[in-house]
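Here is how the chains run, residue by residue.
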Amino acid sequence: MRLEAEAVVNDVLFAVNTMFVSKTLRCADDVAYINVETKERNRYCLELTEAGLKVVGYAFDQVDDHLQTPYHETVYSLLDSLSPAYREAFGNALLQRLEALRRDGQS
């Protein structure tokens, strides 16, 4: 699951302060943990499994077994629910890409 976690990190790194696969919590074939700090400076520990991603802690490398949070099918959905600044950064990146495509189409 580590490779999938690395791909998740690389996909949205532009829209958060920091994001990395945990070096402290174990990665296995069926689970990986990702630490993320949003642009609002909120820190989360995310669990990635076949079911999707969910928040398992409110600090890096923290797993709270009593925390009941929903799974999200994508990292985009999860971050959209946690971070208004992520939504803004994602929207701005999308607009920049569309503008670049428009410019390329006019060349």
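If you check an unreviewed UniProt entry, the protein appears there as GSK3-beta interaction protein from Tupaia chinensis. Reading the Sequence similarities (unreviewed entry) entry of the UniProt record for the protein gives the comment "Belongs to the GSKIP family."

Trainee: I'm lost on the packing of helix α1 (residues 2–12) against helix α2 (residues 75–82) in this one. Help?
Mentor: Between two packed helices, the angle of one axis relative to the other and the distance separating the axes together describe the packing. Across the interface, α1 lies against α2 with an axial gap of 11 Å and an inter-helix angle of 55°. Comparing their axes, α2 and α1 come out oblique. Here α1 runs over α2; the crossing is right-handed. Of the residues in α2, those in contact with V8, D11 and V12 of α1 are V75, Y76 and L79.

Trainee: What is the right way to look at the UniProt feature "domain: GSKIP" (unreviewed entry) in the protein in this model?
Mentor: UniProt's feature table lists "domain: GSKIP" (unreviewed entry) at residues 1–101, given in the numbering used throughout. Secondary structure across residues 1–101 divides into 37% helix and 23% strand, with the first and last C-alpha atoms of the span separated by 34 Å.

Trainee: It is not clear to me how unusual backbone geometry should be interpreted in this structure. Could you clarify?
Mentor: Trans peptide bonds make up the majority, and among non-glycine residues the majority have a negative phi. At R41, a residue that is not glycine, the phi angle is positive and equals roughly 70°. With respect to the secondary-structure elements, R41 resides in the loop between β2 (32–37) and β3 (43–49). For R41, a relative accessible area of 61% corresponds to the exposed category. A positive phi is found at D61, a non-glycine position, where the angle reads about 55°. Mapped onto the secondary structure, D61 falls in the loop between β4 (52–57) and α2. Classification of D61 as partly exposed rests on a relative accessible area of 28%.

Reading the values: rules and limits
- Residues numbered from 1 in each chain as written.
- Predicted model: local features only at pLDDT ≥ 70, side-chain atom pairs only at ≥ 80, totals over all residues.
- Heavy atoms only, no water.
- UniProt positions renumbered as here; feature names shortened; annotations may be inferred.
- Axes fitted to C-alpha atoms, helices over the stretch in contact; angles between N-to-C directions.
- Helix = DSSP H or I, 4+ residues; strand = E, 2+ residues; numbered from the N terminus.
- Parallel < 35°, antiparallel > 145°, perpendicular 65-115°, else oblique.
- Left-handed = near helix turned anticlockwise from the far one by under 90°.
- Contact = heavy atoms within 4.5 Å.
- Buried < 20%, exposed > 50% of the residue type's maximum accessible area, 1.4 Å probe, protein only.

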